[in-house]
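Here are the chains, one letter per residue:
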Amino acid sequence: MIRSVDDTAVKEQTRRKTRKDSLIGKRVPKLDAPDKATGKTRYLDDIKLPRMLYGKILFADRPHARIVKIDTSAAKVMKGVRAVITADDVELVTFGFGSDNTALKKGKVTCIRDEIAAVAADTSEIATEAIKRIAVTYEDLPVIGSIEESLADGAPVIHEHIADNVPFRFDYAHGDVDQGILESDVIVEDTYHVQRQAHCCLGTSGIIADFGSDGRLTLHSLTQVPFSYKHDLSKIIRIPPERIRVIQPPIGGGFGSKLDVHPFEPICVFLARATSRPVRMTFSREEEFLATPTRQPMVIKLKSGAKKDGTFTFRDVLMTLDNGGHTSWGATTPWISIRTFSSLYRVPHVRQHVDVIYTNNIYACAFRGYGNPQATFALESQIDGLADELGMDPLDIRLKNAQESGETTGQGLVLGTCGLKECLETATRNAGWDVKHSAPAKHGKRTGVVRGMGMASIFHVGGGAKIYRSDGCGTMLKMDDFGGVVVFTGASEIGQGSETVIAQIVAEELGLPLDNIRIVNNDTDLTPWDVGVHASRTTFIAGNSALRAARKAREKLLAAAAEQLKRDADDLDLSAGNVVDRSTCEPLAPIPKIIRGLHFGKKNDLIMTSDYYEPPSTAPDKEDKGDISACYSFGTHVAEVEVDQDTGVVKVLGISAAHDVGRVINQMGIEGQIEGGIAQGLGYCLTEELKLRDGRVINPTFTDYKLITTQELPEMNVAFIETNEPAGPYGAKGVAESPLIAVSAAVANAVHNATGVRINELPLTPERVLRKLQEATDADG
Amino acid sequence: MSATKSYLAPTTLSELTRLAGEPGVTVLAGGTDLQPRWSKGTADRPEIVVDIKGINELKGATFANGEIRIGACTRINGIDVNVIVREHAPLLAEAAGRVACPQIRNRATLGGNLCNASPAADTAVPLIALDAVLDIATSAPNGTIIRQVPVTEFFTGPGATVLSPGDVLVAVRFKALPKETFSAWNKFGTRPSMEIAVASVGVVLRMADGKVTAARVGYGSVAPVPLRGVDAEAAIVNQTLSDDVIARCTEAARNEISPITDMRASERYRRDVVAVMLRRMLENARHARNN
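Computed from a prediction, not measured in an experiment: that's the story for all the values here. (Residues numbered from 1 in each chain as written. Chains lettered and ligands numbered in written order. Predicted model: local features only at pLDDT ≥ 70, side-chain atom pairs only at ≥ 80, totals over all residues. Heavy atoms only, no water.)

Novice: Account for the sheet that holds strand E5 (residues 67–71) of chain B, naming residues and giving values.
Specialist: Residues and elements named next belong to chain B. Pairing is antiparallel across the open sheet formed by five strands, whose spatial order is E4-E5-E10-E6-E7. Strands with a single pairing partner mark the edges of an open sheet, and in this sheet they are strand E4 (61–64) and strand E7 (143–150). For this sheet the average axis-to-axis angle between neighbouring strands, irrespective of direction, equals 25 degrees. Alignment of strand E6 (residues 133–140) against E7, held across eight bridges, turns out to be antiparallel. If you follow Ile136 over to E7, its bridge partner there is Arg147. (Pairing = 2+ DSSP bridges. Helix = DSSP H or I, 4+ residues; strand = E, 2+ residues; numbered from the N terminus. Axes fitted to C-alpha atoms, helices over the stretch in contact; angles between N-to-C directions.)

And the structure:
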């Protein structure tokens, strides 16, 4: 089914494709790049308000303990200390997705990052020293460091109200898995283990809380979701949301880490209230590793079947999540995992059961891909397993089961445009699949360096995700007398390049140079509502909203021009700053002149428009079915690797990627998204793991938490499949999360291809790979 | 909150040795190990900092009478491309080029890398294989006394050396490798830069008539101190590098090291990669010999 589109949109699209000065699809440097490159960008750390104090938090440093006593007296008497607060000094309101968190902790702590006390002082050095002088007496409780320990008989209860340590269970089904098993000629079953990944935003967490004398609160906050943030935070700090203003300084990366309200944020507000002075709090890198949430580790038991000809029959998924000591929105990542299991390929019978498990580990939250990297690693690894069993080429089995445009999946997702088959064909062709991929290595003497190739595909929401009551975004637009345009968008910029895309869209519609467009996107007092930057939704949703606001301005401008120039509006167009003749492109009048004619002439009118765009998607029903997104993006990654079988080192030589992005809007921006996603995906696959021992982080530094560096990046060949999604701005779909999702499975499949050994645990560190190779050799005898 | 009260920057060795013995003094070279500890609060700031970067006699590499001398305050960035070092001790050039990253190498010094006494110190292992001797200066009533300590005796534990208060490492000296000598150094990690070695190995082999006539083997990150591989050496001296001999040598290496399990690698894996690196070096030596 293709969604219906109004004729104007189609006409506009065709017209724009043929126009020479079109900005769409061009390589446009990000608007914030010059300031960032020259060091002019003023980040949170650069903001210093008059009389500002510095806040610091004392974290528990105990994974599970009763708080017996907190003695703050020595800190309070220090010169320069303006406030010391504990849970006893503030009204405690529970918050978080599981209502199991408070800003400061009372009674007990459930993970090492639990906030015990906080200080505001004249300098950050004094605050740091004061924190050291707070004496806390604990009574240690048994530590639950893993899912297994948490589920063991007689395990200690972490939160009183959840006696079995399982705060959430999710179930999903379509078809009948038992029937699917009967229909299968081959069945493969495996257990996959995926690790804890840290976001590693270049900018660490921070906030400034500043009360006006009228009691209004201004927050300089790095949140990704300013409007729901106001709403959630207001309940915790007991200030009505209409009295809170959120200003976002340039944000040094989000990746989902700023989707929730974190305890340090209300704490900073409490300090500002206690001192009647602005307070700034910023995390050190070590605090960032210890006291911010991570991607959730999961254990995924997956069983799936196929018929002799490769047709998929069923999939049975059992998933457990290490939630940590509190619950964030991240507990809902299985909502996205299940959509990959149910809808990336055609499969008639699917069942998923998920248990979200409390442990005394630092807690987990949203992270680029939102449960999809975990699911895709399991699913795409197992598809290769099925192909092996059937003696099929991994490409053929995927092509056989790939979704196509017009299908409605078992979960009720309507795939208007779907370029999966083209992605599979393009990525493999560019990688040289026919020549380089051979049948998996036969077991033999596992020594020396070998090469292999593997693939994996991607399914993700591409037109927002209707999780909240609205998945919309607002835009306001004003044109001044000189042709300058200010666009107020609800969409936040976290480095992904949305402001550039929005400016391109507006410039395109109004026939103005990009320089004429300014974007205001970081102040809730000025910008209209948006649900937030997540779910790869901004280009699609905020882009559509900006497009519609710009079209309203365009219509008004053309109507004014028609009147002033005594022409028919349908014969006019806007191009390069002028009103032009639509057929000849001959300039008729500068746009500013028409605006001034409107403003100062008889009409005395201004060009100001607004739009609220709500995507044509539906919230999932009680069975978690329904068309959750306005469109879906697809992709395929092919990885070529070299494996040193003596040391276990996996070197990725190349990634060939093909992404169904609907339509490219900013070629340079989208290349950055894809390449950055591949790099982050390679880290997840090969090196990144925040390691905990009994609830304590043992590698909270970049020395030992290993990101992929530029020196290790492989050749990346990125192809764009343009399916022209009718609902998208100029045909575009969201693509931000996709490039991270399939890297692990593609590389793991390539390692299997090279060595004959399948590794179902991430990351593929040299030591893990070597051990698995040795185990396989031992098993061969 | 400890604070440094004075910062002194002597320009001669005799001034330095006189100052170094004063109470509360810490000698500062590149500062790439000390500064982060001071900033993070994992070490107290010393009362008096004596910065040695202004002392010219502690800097640079010289070659005389078949011996190479590198001043303790010579920057690591430069040792990797120094023509003397590359020609006569290529394994040290190799190791110097893999310390941390260019920015840190630009600041860090050879003496600092040794005095910090990390079991993972990249430059210590090639110096063991080169049989290097360290010149250590101490103030005496009638001037400065210099004593020699073999690099194999310099380290006494993680972060600990034979240096007493007042001692200053002045220079590293070793004999130039004869032309036909085979030498190699490598460290194992997961990335090419910014990597603390999971394990490292250095070898120097002299060969005649297809046999190894003399051998020096060193290991890093597999014992409390950078270690000389006495048993591995014994397994190959006076032997032809056959597969069997190489296997005996790597087995000896596995057994004479005493690695620990930590967040970077397990004990078992460290033994595995030491054996692999050593085997590959010996195979290269045999190959070089055959060509």
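There's more to say after this.
Novice: I'd love a proper account of helix H21 (residues 766–780) of chain A, names of residues and values included.
Specialist: In an α-helix, one turn spans 3.6 residues; hence positions three or four apart end up facing the same way. Its 15 residues place the ends of H21(A) 21 Å apart at the C-alpha level, agreeing with the 21 Å of an ideal helix rising 1.5 Å per residue. Once H21(A) finishes, Gly781(A) follows within two positions and takes phi at roughly 90 degrees, a positive value. (Expected span 1.5 Å × (residues − 1).)

Novice: Account for the sheet that holds strand E5 (residues 115–121) of chain A, with residues named and values stated.
Specialist: All names here are of chain A. Strand order in the open sheet made by the seven strands is E3-E5-E1-E12-E9-E10-E11, with mixed pairing throughout. Only two strands of the sheet have a single neighbouring strand rather than two, namely strand E3 (81–86) and strand E11 (244–247). Ignoring which end each strand starts from, the neighbouring axes of this sheet average 20 degrees apart. Bridge analysis of strand E10 (residues 217–221) against E11 gives four bridges, and the strand direction is parallel. Its bridge partner being in E11, His220 is matched across the sheet by Ile247. Lying over the sheet, helix H4 (residues 124–132) contacts strand E1 (53–59), E3 and E5, oriented at roughly 25 degrees with respect to E1. (Contact = heavy atoms within 4.5 Å.)

Novice: Hey, could you go over the packing of aromatic side chains for me, with residue numbers and the actual values?
Specialist: Each aromatic ring pair is summarised here by two numbers: the centre-to-centre distance and the angle between the ring planes. Residue and element names in this part refer to chain A. Taken as a whole and judged by the stated rule, the model has 18 aromatic pairs over all chains. Plain terms: the ring middles of Trp329 and Tyr468 are 5.6 Å apart, the flat faces sit at 50 degrees to each other, and that makes the pair tilted. Of the two residues, Trp329 is situated in the loop between strand E14 (312–324) and helix H10 (334–343) and Tyr468 in the loop between strand E16 (449–461) and strand E17 (473–479); the sequence distance between them amounts to 139 residues. You can call Tyr468 partly exposed: its relative accessible area is 22%. (Phe/Tyr/Trp six-rings, centres within 6.5 Å; stacked < 30°, edge-to-face > 60°. Buried < 20%, exposed > 50% of the residue type's maximum accessible area, 1.4 Å probe, protein only.)

Novice: How would you summarise the pattern of salt bridges if you had to cite specific residues and measurements?
Specialist: Enumeration according to the criterion identifies 69 salt bridges over all chains in this entry. Arg82(A) is the salt-bridge partner of Asp122(A), the closest N and O atoms lying 2.8 Å from each other. In this pair, Asp122(A) sits in the loop between E5 and H4 while Arg82(A) sits in strand E3, placing the two residues 40 residues apart along the sequence. With relative accessibility at 27%, the residue Asp122(A) sits in the partly exposed group. Exposure remark for Arg82(A): the relative accessible area of 44% places this residue in the partly exposed category. The salt bridge partner of Asp355(A) is Arg169(A), with a shortest N-O separation of 3.4 Å. With Asp355(A) in strand E15 (residues 349–358) and Arg169(A) in strand E7 (residues 168–174), the pair connects residues that are 186 residues apart, well separated along the chain. For Asp355(A), a relative accessible area of 15% puts it in the buried group. Through salt bridges with shared partners, a single ionic network connects Asp644(A), Asp646(A), Arg279(B), Arg280(B) and Glu283(B). (Salt bridge = Lys/Arg side-chain N within 4 Å of Asp/Glu carboxyl O.)

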